[in-house]
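Chain by chain, the residues run as shown.
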Amino acid sequence: MKAHDGMYIDGAWRPATSGDVIEVVNPADEQVIGQVPAGTAADVDTAVRAARAAFPGWAATPPAERAARLAALRDVLVARKDEIAETVTAELGSPLKFSEAVQTGAPIGVAGSYAELAATYAFEERVGNSTVYLEPLGVVGAITPWNYPLHQIVAKVAAALAAGCTVVLKPAEDTPLVAQLFAEAAHEAGVPAGVFNLVTGLGPVAGQALAEHPDVDLVSFTGSTAVGRQIAAVAGAAIKKVALELGGKSANVILPSADLAKAVNVGVANVMSNSGQTCSAWTRMLVHRDQYDEAVELAATAAAKYGERIGPVVSAKQQARVLGYIEKGVAEGARLVAGGTEAPREQGWYVSPTVFADVTPEMTIAQEEIFGPVLSILRYDDEEDALRIANGTVYGLAGAVWAGEEAEAVAFARRMDTGQVDINGGRFNVRAPFGGYKQSGVGRELGTHGLAEYLQTKSLQF
């Protein structure tokens, strides 16, 4: 695609206030593939003003009409799915098949789910002598990450539009091209002017201006816990609502009764997916000590198969970060059984699929989010020990439990301090709430719970 040299504001592409640009680089070959404007606080202000002006009309639009616009948006995304997948592959480095199946397929499913929800959701109900109305919250500032660029955009924007909110989107600077494609799709789908607006730019400039803007009623952010804290502080000063989907260090708990080979192989695949750049990745594998050596051997063998199959990480900075964690794991006494710091290719920001054994819960690689293709395998003595280790980080975003009987896995999962748990390899569900406990965030995305984040409650008594 040809990148736009302006911002999508109030239904049109408009010149940016600054001549500064952000270069977009393909992480597989380190070549510049385009550039977008580096938006300023003035650009954000223009976009927020457009969203504020459009809000009354969109909020008053019947839900059936909002649903029709979202259905049209889904159809445009379907029609342009090949272009979207190719764009994600070019700016993020995802293998094309993964971009087609996940990076494009998942957001299309999410868009369709909100088209249906907008038409069927109960925006009012009777409670005794009261009528309770669920009304759109207002103008949403959506700040999205680079790892699943279109999915995160759709998860926020489609839910906000279904609720009757208007939106200003600030996408990640590493992957802005697919955000421009989304703006084109929204325009083609007939989303009214000002209802959706796009400002590209750097987080400390455009992102901060959006979070601080007094006319933004809700900031929905996905990214690091450190930046989430900053946004929460800014929002708290203004008493504005936040929805934060932050970091993770998810545990994959394999109970002794489980099919060990299946659990290990699926667990390794989960960590290597998207080159490990998934906040909900099961980066800690917990195995009973009697099965530990076998699990380590299985994981090392499985990881070796991904050497030529995974893409690069998103940037040189991210590559250096991941390699630094691998070095720290070795320095703290973990045993490297696959991968390491040696670059698997001469060009591109690749990291070898890496597996550590003999990891203890207090090690840095067992506590901090690495965001790369790195798996830590930990021993446990019994279920109570496994639970202690699983719950022993500041995060609580996702996880997995494997057992011979589903009921056994469910009983363990119910005791985990985490927002979403896959039982014996359960599939991702675009209608189920996604979000975390503890420092993994505030609020939920997807389905009815995601829609509720963009609504406020009013009751009338009769």
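Note that the structure is predicted; figures quoted are calculated from it, not measured. (Residues numbered from 1 in each chain as written. Predicted model: local features only at pLDDT ≥ 70, side-chain atom pairs only at ≥ 80, totals over all residues. Heavy atoms only, no water.)

Attention now goes to the UniProt feature "active site" (unreviewed entry) in the protein chain. Mapped onto this numbering, the UniProt entry annotates "active site" (unreviewed entry) at Glu245. Residue position: glutamate 245 is located in strand β11 (residues 241–245). Other than its neighbours up to four places away in sequence, glutamate 245 contacts Gln152, Phe221, Thr222, Gly223, Cys279, Leu397, Phe434 and Ser440. (UniProt positions renumbered as here; feature names shortened; annotations may be inferred. Helix = DSSP H or I, 4+ residues; strand = E, 2+ residues; numbered from the N terminus. Contact = heavy atoms within 4.5 Å.)

Before going further, it helps to examine helix α3 (residues 81–92). Between its first and last C-alpha atoms α3 spans 16 Å; for twelve residues at 1.5 Å apiece the expected length is 16 Å, and the two agree. Buried residues of α3: Ile84, Ala85, Thr87, Val88, Glu91 and Leu92, and no others. End-on, the buried residues of α3 take up no more than an arc of 165°, which puts them together on one face. Just beyond α3, the residue with positive phi is glycine 93, at close to 95°. (Expected span 1.5 Å × (residues − 1). Buried < 20%, exposed > 50% of the residue type's maximum accessible area, 1.4 Å probe, protein only. Arc of directions from axis to C-beta.)

The subject of this paragraph is the sheet that holds strand β18 (residues 422–423). Here we have seven strands laid out as an open sheet, ordered β14-β15-β16-β13-β12-β17-β18, and mixed in their pairing. In this open sheet, the two strands that pair with only one neighbour each are β14 (335–338) and β18. Sheet analysis places strand β17 (residues 399–402) next to β18, joined by two bridges and oriented parallel. Counterpart to alanine 400 in the pairing with β18 is aspartate 422. In the packing of helix α9 (residues 260–272) onto the sheet, the strands contacted are β12 (251–254), β13 (284–288), β15 (354–359), β16 (374–380) and β17, and the crossing angle to β12 comes to about 170°. Docked against the sheet, helix α11 (residues 316–331) engages β15 and β16, running at close to 30° with respect to β15. (Pairing = 2+ DSSP bridges. Axes fitted to C-alpha atoms, helices over the stretch in contact; angles between N-to-C directions.)

Relative to the assigned elements, asparagine 147 resides in the loop between β7 (139–143) and α5 (149–163). With a relative accessible area of 5%, asparagine 147 lands in the buried category. Looking at asparagine 147, its side chain comes within polar contact range of the main-chain oxygen of glutamine 277, at 3.0 Å. Those residues in contact with asparagine 147 that lie beyond four places of it in its chain are Leu92, Gln103, Asn274, Gln277, Thr278, Cys279 and Phe371. (Polar contact = N/O pair within 3.5 Å; in protein donor to acceptor, adjacent residues only side chain to side chain.)

With that out of the way, let us pick up the domain arrangement of the protein chain. With domains assigned, the protein chain is organised as domain 1 (6–246 + 440–461) and domain 2 (251–423). Measuring from the centre of the C-alpha atoms in domain 1 to the corresponding centre in domain 2 gives 31 Å. Across the boundary between the two partners, domain 1 contributes 23 residues, which contact 22 residues of domain 2. Counting each side, the surface lost to burial between domain 1 and domain 2 is near 1,700 Å², with a carbon and sulfur contribution of 55%. The tally of links between domain 1 and domain 2 comes to zero salt bridges. Split by residue class, the side of domain 1 that touches domain 2 holds nine nonpolar, eight polar and six charged. (Domains from an automatic or database assignment. Buried area = accessible area lost by both parts, 1.4 Å probe. Salt bridge = Lys/Arg side-chain N within 4 Å of Asp/Glu carboxyl O. Nonpolar A, V, L, I, M, F, W, Y, C, P; charged D, E, K, R; others polar.)

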